[in-house]
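Structural overview
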Amino acid sequence: MTILATEGLTRRFPRVTALDQLTVTVGSGVTGLVGANGAGKSTLIKILLGLLEPSAGSAQVLGMDVTTHGAEIRRIVGYMPEHDCLPPDLSATEFTVHMAQMSGLPRTAARERAADVLRHVGLYEERYRAMGGYSTGMKQRVKLAQALVHDPRLVLLDEPTNGLDPQGRDEMLALIRKIGTEFGISVLVTSHLLGELERVCDHVIVIDGGKLLRSSSIAEFTQTTQTVTVEVEEGQEALAARLTELGETVTAHGRMLLVHVRAPETFDTLRDAVCELDLCLVRMEQGRQRIEDVFREPVNV
Ligand SMILES: Nc1ncnc2c1ncn2[C@@H]1O[C@H](COP(=O)(O)OP(=O)(O)OP(=O)(O)O)[C@@H](O)[C@H]1O
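All values derive from a computational prediction rather than experimental measurement.

**Regarding the pattern of salt bridges**
Under the defined criterion, the tally for this structure stands at 17 salt bridges. Taking the shortest distance from any N to any O, the salt bridge between Asp-20 and Lys-211 comes out at 2.7 Å. Residue Asp-20 is found in strand S2 (residues 17-27), and its partner Lys-211 is found in strand S10 (residues 211-217); the two are separated by 191 residues along the sequence. What makes Asp-20 partly exposed here is its relative accessible area of 24%.

Right, here's the structure in full:
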């Protein structure tokens, strides 16, 4: 099912083209939008919410055109902005109840719903304290709660792990996964940290300079590569020489040998060579592609 789609989407600012002919389709589940700072991620999110006009091209969210149906889109889509935007004198409860009422819920329902989402994101007693005294992790949780409070069908999360320590980042990533799986809400989440999205997304879109570099499922991204990493305790050079003699392509990489898998028999050749030379094998592992590799590959749309 298509959740959002863009076609030749372009946004020019006076000095820079933030989005350049971006054509992409996003289905249900958790989708990561990856790109370096300035790649155009926030610009895309603002256009999808109908808050910014495209210079050219088109975009649809849940079947609605962003230029004509902004208000309807914002009614059924949650948005977690990148920057700190919480009023410091309000408590998380007051703020989230207010946001629920803004989305049309009556006061009692808004209070119940706010209490539920704050609990889901892991804010308990502290939700009654003024947010000015919150840690970055707590503020990110409130921003996430207000994005969920009106029971959206899709949430757009702009850099939700920004400023978090490793534990806070892990907890936020687990929450994002839960939103996508247990709550059944589709998620588009941006990050400039490529590795972290691998853990929570079903699909990843990589953009650079406003252009699409790649859009693939995580399974495709992390498929096995044609290289086996081999580590032996001693005798690395002898093993490399023997494998080359047997017709394999070998490169030394620190303590490791990288062996190109030219055919399934490469694994047998490797095993036999290690036995023949009486070496102690520490590791033999087929490589997996990582999202980071996309930035090292030639442009491939
Ligand atoms: N309102 C604006 N006026 C002028 N230039 C802008 C404006 N908004 C964004 N830009 C420029 O457009 C480009 C893309 O910015 P955008 O904020 O979309 O990137 P991003 O991928 O979200 O990066 P970051 O994570 O750093 O926000 C940048 O070069 C930025 O300076």
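**A short note on the UniProt feature "domain: ABC transporter" (unreviewed entry) in the protein chain**
Those residues carrying the UniProt feature "domain: ABC transporter" (unreviewed entry) are residues 4-234 in this numbering. In the segment residues 4-234, helix accounts for 34% and strand for 30%; the C-alpha atoms at its two ends are 54 Å apart.

**Examining the environment of Gly-132**
Inspection of the secondary structure puts Gly-132 in the loop between helix H4 (107-120) and helix H5 (136-148). It is 8.1 Å that separates the C-alpha atoms of Gly-132 and Leu-86, two residues lying 46 residues apart in sequence.

**Side note on the site of the ligand**
Gly-38, Gly-40, Lys-41, Ser-42 and Thr-43 are the nearest of the 13 residues found near the ligand. A distance of 3.1 Å is found between an oxygen atom of the ligand and a backbone nitrogen or oxygen belonging to Ala-39. Between an oxygen atom of the ligand and a side-chain N or O atom of Glu-82, the distance comes to 3.3 Å. A total of 630 Å² of accessible area belongs to the ligand in isolation, and the protein chains cover 62% of it. Sort the elements by how many residues they give to the shell around the ligand and helix H1 (residues 41-48) lands first, with 3 residues.

**As for the side chain of Thr-31**
Tracing the backbone through its elements, the reader meets Thr-31 in strand S3 (residues 30-34). Residue class for Thr-31 comes out buried when judged on its relative accessible area of 2%. Residue contacts for Thr-31: discarding those within four places in its chain leaves Val-26, Val-187, Leu-188, Val-189, Cys-201, His-203 and Ile-205.

**Examining the pairing of strand S4 (residues 56-61)**
Inspection of the sheet shows strand S1 (residues 2-12) paired to S4 by 5 bridges, in the antiparallel sense. From the neighbouring strand, Glu-7 faces S4, where its bridge partner is Ser-58. Here S4 pairs with strand S5 (residues 64-65) via 2 bridges, running antiparallel. Bridge pairing in S5 places Val-61 opposite Met-64. Hairpin geometry of S4 and S5 is characterised by an intervening segment of 2 residues between the two adjacent antiparallel strands and by a positive phi of about 45° at Leu-62.

About the cut-offs
Residues numbered from 1 in each chain as written. Predicted model: local features only at pLDDT ≥ 70, side-chain atom pairs only at ≥ 80, totals over all residues. Heavy atoms only, no water. Salt bridge = Lys/Arg side-chain N within 4 Å of Asp/Glu carboxyl O. Helix = DSSP H or I, 4+ residues; strand = E, 2+ residues; numbered from the N terminus. Buried < 20%, exposed > 50% of the residue type's maximum accessible area, 1.4 Å probe, protein only. UniProt positions renumbered as here; feature names shortened; annotations may be inferred. Near = heavy atom within 4 Å. Polar contact = N/O pair within 3.5 Å; in protein donor to acceptor, adjacent residues only side chain to side chain. Areas by Shrake-Rupley, 256 points an atom, 1.4 Å probe, with all protein chains shown as cover. Contact = heavy atoms within 4.5 Å. Pairing = 2+ DSSP bridges.

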